[in-house]
Amino acid sequence: MGDSPTAARPPVRRPRLVLAVFLAACGARTELQESQSEPSCPPSKDLTGTACLDLPVPGSDAGSFHPEAGAGPTVPADAAPSRDASSPPLTDGAATDGAAIDAPAEATSLACTYGPSLAPVPDASTVGPWATGSDHHITGLARDRQGNVFAAGTMTNQAFYLAKFDATGTLIWSKSIGGDLDAEANGLAVDAEGSVVVAATTRKADGVSLDFGAGPVSAGGLVLKYDRNGAIQFQRFFPMADNGNSFPFMNGVVVLSSGDIVVGGSLQGTVDFGGGPLTAKGGISAFLARFGPCGAFESARQFGSSIPDHWSWTYGLAVNGTDQIVMTGIFEGGIDFGAGELDAPANSTDYDAFIARFDASGAPIASRDLRTADPNGTPGVPAIDDDGNAVMVGRSSQPIDLGGGDLAAGGTLDAYVAKYGPKLEYVWGHRFTGADQVGATAATIDSEANIVFTGWLSGDATFGGFALHLSGASEALFVAKLGTDGSVVSAQAARGLDSVGLALTAADGTNVLLGGAVYSGDFALGPFALSSPLGGVVMRFAP
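The following paragraphs examine the structure supplied in this document.

About the criteria used
- Residues numbered from 1 in each chain as written.
- Predicted model: local features only at pLDDT ≥ 70, side-chain atom pairs only at ≥ 80, totals over all residues.
- Heavy atoms only, no water.
- Helix = DSSP H or I, 4+ residues; strand = E, 2+ residues; numbered from the N terminus.
- Buried < 20%, exposed > 50% of the residue type's maximum accessible area, 1.4 Å probe, protein only.
- Contact = heavy atoms within 4.5 Å.
- Areas by Shrake-Rupley, 256 points an atom, 1.4 Å probe, with all protein chains shown as cover.
- Salt bridge = Lys/Arg side-chain N within 4 Å of Asp/Glu carboxyl O.
- Core = buried A, V, L, I, M, F, W, Y, C linked by side-chain atoms within 4.5 Å.
- Pairing = 2+ DSSP bridges.
- Axes fitted to C-alpha atoms, helices over the stretch in contact; angles between N-to-C directions.
- Lys, Arg positive; Asp, Glu negative; His and termini not counted.
- Phe/Tyr/Trp six-rings, centres within 6.5 Å; stacked < 30°, edge-to-face > 60°.

## Some points on the overall build of the chain
Reasoning step 1: Assigned secondary structure in the chain consists of zero helices and 44 strands.
Reasoning step 2: Looking at the 543 residues of the chain, the share that counts as buried comes to 62%.
Reasoning step 3: Excluding contacts between residues fewer than 6 apart, the proportion of contacts in the chain whose partners are at least 24 apart in sequence is 61%.
Reasoning step 4: Approximately 17,800 Å² of the chain is accessible, and the part contributed by carbon and sulfur atoms is 49%.

In structure tokens:
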């Protein structure tokens, strides 16, 4: 695959900035590298007195991981299946092709004490937009129980950016790390006590390092955790190896109700997340890795093709209130998540998109693909509600089958939105087209089960009965809301010059948090306006 991990990126079309969700890594004062003999997570200095106890040695008997008996939702017998899982997850053993690596069953669970969870505080109805910085692109958002907002992204000099704002948009603290060092935060999540977890990737050459708060690291993948005051709690670093032929790309992260952390990404070559070597199947494999609240390894599993040099790539993760996880990405050739083989269209060298669902134990429930061969197709960040209904968004230049039959291409690039049931059975799907390009990048679900999604358009478009127009821009952010039946409730495009929507997360009631970037000119959306932000933008409103 060459001597640089940058060669491993799939050739998919994106807007002007890289749409990887920047995962702000959470750190500890002691870096938990695989070579350490006595890693630890020292006491945190946050206001709750949170402390992490000693951790097991990575690669030895780390935290145990026991699938829950009977995990997974109950689905009516007549529900239309996609490709269901009939076997439990692989456990307790070294990796084979496509296998999982799990911590030994007899291992001691991770011991980590926490202070009290934050008491829930309702959001204000609407706030925003506010600018985060003149050189920022906001690619990840999360909200704690008191309405504070965490934003992560890239800066124009490829530096890592992470910030915390209060519920009114006032900055509490921020971090910018690096510069011209090719660091990406590709998603972030917040736990019950207000700590923030980020999964990040750095791709700079040997001899150049970054310090996220727990000691210098070079090229590789990172899982980072910062407390509510911005102090690093732990850092797990998985270095590039084999002259760049072994590399983990960290592309998404969620936090479970237990505090456990699940990272999704793409694996090139062989990487040890803490349970022994895990080798990609084919050229590059999608993976899920699970760690305890203080970073102890629990399990890892990769999903790929048996065909040499074929790739699978993770684009987004989401979790609901019952710890059900959904993952989206692309693949070529074939891929098996444990719920049945998915096959790309015959004789195709292009990528097909997938969505896969896992229960709270990490066992696969179902997976499906869009039956398309598309060199430009890319899914966005998905969403899942507490009833197990999943939402997939993305963009495609070719006919796609979301589950209800082929949807023909319209513009040069079209957005799509699909809703699936608890076993990824098709509920409904739509394709949105315009005069040129329409791309969807992220989705969320509000408290009334409405689906909100964002992205960009580069020509006039119509969403249901809502006409969206560019106001002198070559590219404009849009946000749209669909009802539970898929009907278009609202849709609007930003006014002013170039902008793009990149991140969404639900807030109180029907409010959402929306993040993105403004490239030039003033920004306005609905009743809100911001003068010449030229960079990152965040707002909370009810679309």
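## A look at the pattern of salt bridges
Reasoning step 1: Tallied over the full model, the rule gives five salt bridges.
Reasoning step 2: Between aspartate 414 and arginine 431 there is a salt bridge, and its shortest N-O distance comes to 2.8 Å. With aspartate 414 in strand E31 (residues 414-420) and arginine 431 in strand E32 (residues 426-432), this residue pair connects regions lying 17 residues apart in the sequence. Assigned by exposure class, aspartate 414 and arginine 431 land together as buried.
Reasoning step 3: One salt-bridge network, held together by shared partners, links Asp260, Arg290 and Glu298.

## Structural notes on the nonpolar core
Reasoning step 1: With 24 residues, the main nonpolar core has Val391, Val417, Phe453, Leu457 and Phe463 as its most contacted residues.
Reasoning step 2: Mapped onto this core, the elements with two or more residues apiece are strand E28 (390-396), E31, E32, strand E33 (438-445), strand E34 (451-457), strand E35 (461-463), strand E37 (476-482) and strand E38 (488-493).
Reasoning step 3: Not counting residues within four places of it along the chain, the set of residues in contact with leucine 457 comprises Gln437, Val438, Leu468, Leu470, Ser474, Glu475, Ala476 and Phe478.
Reasoning step 4: Listed in part, the 23 residues of the second largest apolar core include Leu188, Val190, Leu210 and Ala214.

## Things to note about the sheet that holds strand E25 (residues 364-369)
Two orientations exist for strands paired in a sheet by backbone hydrogen bonds: parallel and antiparallel.
Reasoning step 1: Read across the open sheet, the four strands follow the order E20-E21-E24-E25; overall the sheet is antiparallel. This sheet does not close on itself; its edge strands, each paired only once, are strand E20 (312-319) and E25. Along the sheet, successive strands turn relative to each other by an average axial angle of 20 degrees, direction set aside.
Reasoning step 2: Alignment of strand E21 (residues 325-331) against strand E24 (residues 352-358), held across seven bridges, turns out to be antiparallel. Pairing of isoleucine 325 across the sheet is with phenylalanine 358, part of E24.

## Observations regarding unusual backbone geometry
Reasoning step 1: With phi around 65 degrees, aspartate 323 is a residue other than glycine that occupies positive phi space.
Reasoning step 2: If you trace the backbone, aspartate 323 turns up in the loop between E20 and E21.
Reasoning step 3: With phi around 60 degrees, leucine 424 is a residue other than glycine that occupies positive phi space.
Reasoning step 4: Following the sequence through the fold, leucine 424 ends up in the loop between E31 and E32.
Reasoning step 5: Exposure remark for leucine 424: the relative accessible area of 0% places this residue in the buried category.

## Structural notes on the sheet that holds strand E42 (residues 523-525)
Reasoning step 1: Taking strand neighbours across the sheet as the criterion, the three strands line up as E39-E42-E43 in an open arrangement whose pairing is antiparallel. Both edges of this open sheet fall to strand E39 (495-496) and strand E43 (528-530), since each of them pairs with a single strand only.

## Side note on the side chain of lysine 419
Reasoning step 1: Residue position: lysine 419 is located in strand E31.
Reasoning step 2: For the buried lysine 419, no salt bridge exists, and the shortest N-O distance to an oppositely charged side chain is 5.4 Å, to aspartate 385.
Reasoning step 3: Once residues within four sequence positions are removed from consideration, lysine 419 is found in contact with Asn389, Ala390, Glu425, Tyr426, Val427, Trp428, Ile451 and Thr484.

## Some remarks on the pairing of strand E41 (residues 512-518)
Two faces make up the sheet, and in a regular strand the side chains alternate between them.
Reasoning step 1: In terms of residue burial, E41 counts as a mostly covered element, since seven of its seven residues are buried.
Reasoning step 2: The alternating pattern of E41 places Val512, Leu514, Gly516 and Val518 and Leu513, Gly515 and Ala517 on opposite faces, both of which are buried.
Reasoning step 3: Taken together, the seven bridges between strand E40 (residues 499-506) and E41 define a ladder with antiparallel strand orientation. Counted as the bridge partner of leucine 504 is leucine 514 from E41.
Reasoning step 4: Joining the antiparallel neighbours E40 and E41 is a turn of five residues, in which glycine 509 adopts a positive phi near 60 degrees.
Reasoning step 5: Sheet analysis places E41 next to strand E44 (residues 536-541), joined by six bridges and oriented antiparallel. Paired with glycine 515 across the strands is valine 538, a residue of E44.

## Points about the packing of aromatic side chains
Reasoning step 1: Scanning all chains against the criterion turns up 19 aromatic pairs.
Reasoning step 2: Seen from their ring centres, phenylalanine 273 and phenylalanine 287 are 4.9 Å apart, and the 40 degrees between their planes marks the pair as tilted. In this pair, phenylalanine 273 sits in the loop between strand E17 (261-272) and strand E18 (277-291) while phenylalanine 287 sits in strand E18, placing the two residues 14 residues apart along the sequence. One exposure class covers both phenylalanine 273 and phenylalanine 287, and it is buried.
Reasoning step 3: Note on phenylalanine 463 and phenylalanine 478: the rings are 5.1 Å apart at their centroids and 70 degrees apart in plane angle, and the pair reads as edge-to-face.

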